[in-house]
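# Understanding the architecture of this molecule
The primary structure of each chain is shown beneath.
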Amino acid sequence: MTNIALITGITGQDGSFLAEFLLSKGYEVHGTIRRSSVDFRERIMHLEGAPHFHLHYADLGDSMSIIQVLNKVRPTEIYNLAAQSHVQVSFDSPEFTADVDATGVLRILEGVRQCGLAKTCRIYQASTSELYGKVEEVPQNENTQFHPYSPYAVAKLYGYWIVKEYREAYNMYCCSGILFNHESERRGETFVTRKITLAAARIAQGKQDKLYLGNLSSLRDWGYAKDYVECMWLILQHETPEDFVIATGVQHSVREFCQLAFHHVGIELEFKGEGADEKGIDKTTGKVIVEVSEDFYRPTDVVNLLGDPTKAKAKLGWNPAKTSFEELVKIMVEADIVKVAAEVAGEKVRTNLVEYLEKGIVK
Ligand code: NAP
Ligand code: GDD
């Protein structure tokens, strides 16, 4: 029997990597997309038209659209990755975040039941280390007490519990991956890692002057998204439905991420000062490259995430050390150097064209 996967949030960072991974495993891959007035399919454009890849319109805020897709696709595995995934944005749009990240999970679970798929379909829920929030212990594992610390985290906590409830109440195969931060060259540009790697590439190529950041001391356990989507799949192949912490077990600060990213473009940063007055200075030129802006401070910030992946290693055979922090930063910076270089080249071509048109060299 063919495995049929339905990925919600297929246009996102994880969705795009997971789609590639499942196609390579011979799956029939279906994904849900939303209508937008601008192009939002950059990450999956290369897959469109492939024989086993299909897209459907659905929104996690719209039960009817979910039920329609479930009935049409009749998936054997669902990966519910769709979410309003930006923590800072959740303070500005708390109701929308709750509707998609909390009630949206319920809509998927109940949809599966109502479509008669409860016994044949396994469900993965994209849960998060943000559940640990104002952390009760370091490092965090599957037994660590939750203390959500943002509207996003509170919504995701509902998602976590409703998955557990459906598992116990209806004996459904549904589980949560409690994933710590994972990044890549496809990471959204407003998350701190990508914001830094893009800025490093732009500053090195003269396209940006300075980088403004919020809390430089925040600590994260950063892994590579490509490694993490494999684990999502492993979780659903496990004999029994269980929740897993997925992390590298290594922690760095935003400041350290910055130093390493700028190092890759030939700028050695030295940080001086404290709090909002702290600055990242180019050791060679003395120029201020990084400044703190309180605009990027959060009403409540999660500052000490470090995961313990022992269970995933032991039960799933997953390797948390596949891509190191150093390799991750290098991958991201190199991709952004190429991206910015292409933009700069495009600008040159446009400038030359205008000049040639003005001089009548081309008509
Ligand atoms: P992402 O790049 O922001 O992608 C989010 C996806 O959700 C996009 O495809 C987006 O579609 C879709 N979406 C948003 N609202 C929707 C709605 N109302 N209906 C249907 N789709 C909707 O996020 P990601 O980094 O890939 O993360 C994937 C999942 O893992 C998310 O649930 C996130 O909360 C969770 N997570 C991520 C991390 C991490 O470090 N990356 C860690 C733990 C958990 P559009 O393209 O149309 O906006
Ligand atoms: N975004 C952003 N922008 N964050 C900044 C900045 C900035 O300019 N400056 C400092 N930070 C700090 C934030 O305050 C936070 O403590 C940390 O950098 C990481 O922020 P993000 O990269 O936005 O990620 P996140 O940890 O809040 O959330 C991501 O990881 C979660 C898993 O722990 C998202 O992917 C969530 O969807 C995911 O659940």
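Use the structure listed above.
An account of the accompanying structure is given in this report. (Residues numbered from 1 in each chain as written. Chains lettered and ligands numbered in written order. Predicted model: local features only at pLDDT ≥ 70, side-chain atom pairs only at ≥ 80, totals over all residues. Heavy atoms only, no water.)

## Describing the side chain of T193
- Tracing the sequence through the fold places T193 in helix α6 (residues 192–204).
- Its relative accessible area of 0% is what places T193 among the buried residues.
- Filtering out sequence-adjacent residues up to four positions away, T193 remains in contact with E183, R187, W222, F257 and M332. (Helix = DSSP H or I, 4+ residues; strand = E, 2+ residues; numbered from the N terminus. Buried < 20%, exposed > 50% of the residue type's maximum accessible area, 1.4 Å probe, protein only. Contact = heavy atoms within 4.5 Å.)

## With respect to the site of ligand 2
- Near ligand 2 you find 24 residues, and of these S85, S129, Y152, S218 and R298 are the closest.
- S129 is positioned such that a nitrogen or oxygen atom in its side chain is 2.6 Å from an oxygen atom of ligand 2.
- G214 places a polar main-chain atom, nitrogen or oxygen, 2.7 Å from a nitrogen atom of ligand 2.
- Protein burial of ligand 2: of its 720 Å² of free accessible surface, 96% is covered by the chains. (Near = heavy atom within 4 Å. Polar contact = N/O pair within 3.5 Å; in protein donor to acceptor, adjacent residues only side chain to side chain. Areas by Shrake-Rupley, 256 points an atom, 1.4 Å probe, with all protein chains shown as cover.)

## Quick word on the pattern of salt bridges
- Under the counting rule described, the total for this entry stands at 21 salt bridges.
- With its nearest N and O atoms 2.8 Å apart, the salt bridge here joins K207 to E347. Separated by 140 residues along the polypeptide, K207 in the loop between α6 and β8 (211–213) and E347 in helix α10 (residues 325–359) bring together distant segments of the chain.
- Overall, the relative accessible area of 41% leaves K207 in the partly exposed class.
- Under the relative-accessibility criterion, E347 is labelled partly exposed at 31%. (Salt bridge = Lys/Arg side-chain N within 4 Å of Asp/Glu carboxyl O.)

## Focus on the site of ligand 1
- Looking at ligand 1, there are 24 residues lining it, with T11, R34, L81, S85 and Y152 nearest.
- Within the side chain of Y152, an N or O atom sits 2.6 Å from an oxygen atom of ligand 1.
- Surface burial for ligand 1 is 88%, taken as the share of its 900 Å² of free accessible area covered by protein chains.
- Mapped onto the shell around ligand 1, the elements with two or more residues apiece are α1 (13–24), β5 (122–128) and α5 (151–170).

## A few points about the packing of aromatic side chains
- In this structure the tally under the stated criterion is twelve aromatic pairs.
- Each ring, one from Y79 and one from Y124, has its centre 6.1 Å from the other, and the planes form 40 degrees; the classification is tilted. Of the two residues, Y79 sits in strand β4 (residues 77–80) while Y124 sits in strand β5, which places them 45 residues apart along the sequence.
- Judged by relative accessible area, which is 0%, Y79 ranks as buried.
- Here a set of aromatic residues connected by ring pairs shows up, and it is made of Y132, F146, Y160, W161 and F180.
- For the cation-ring pair, R186 lies above F17, with the distance from its terminal atom to the ring centre recorded as 4.1 Å.
- The ring of F244 has K311 lying over it, and the distance from NZ or CZ to the ring centre is 4.5 Å. (Phe/Tyr/Trp six-rings, centres within 6.5 Å; stacked < 30°, edge-to-face > 60°. Lys NZ or Arg CZ within 6 Å of the ring centre and 35° of its normal.)

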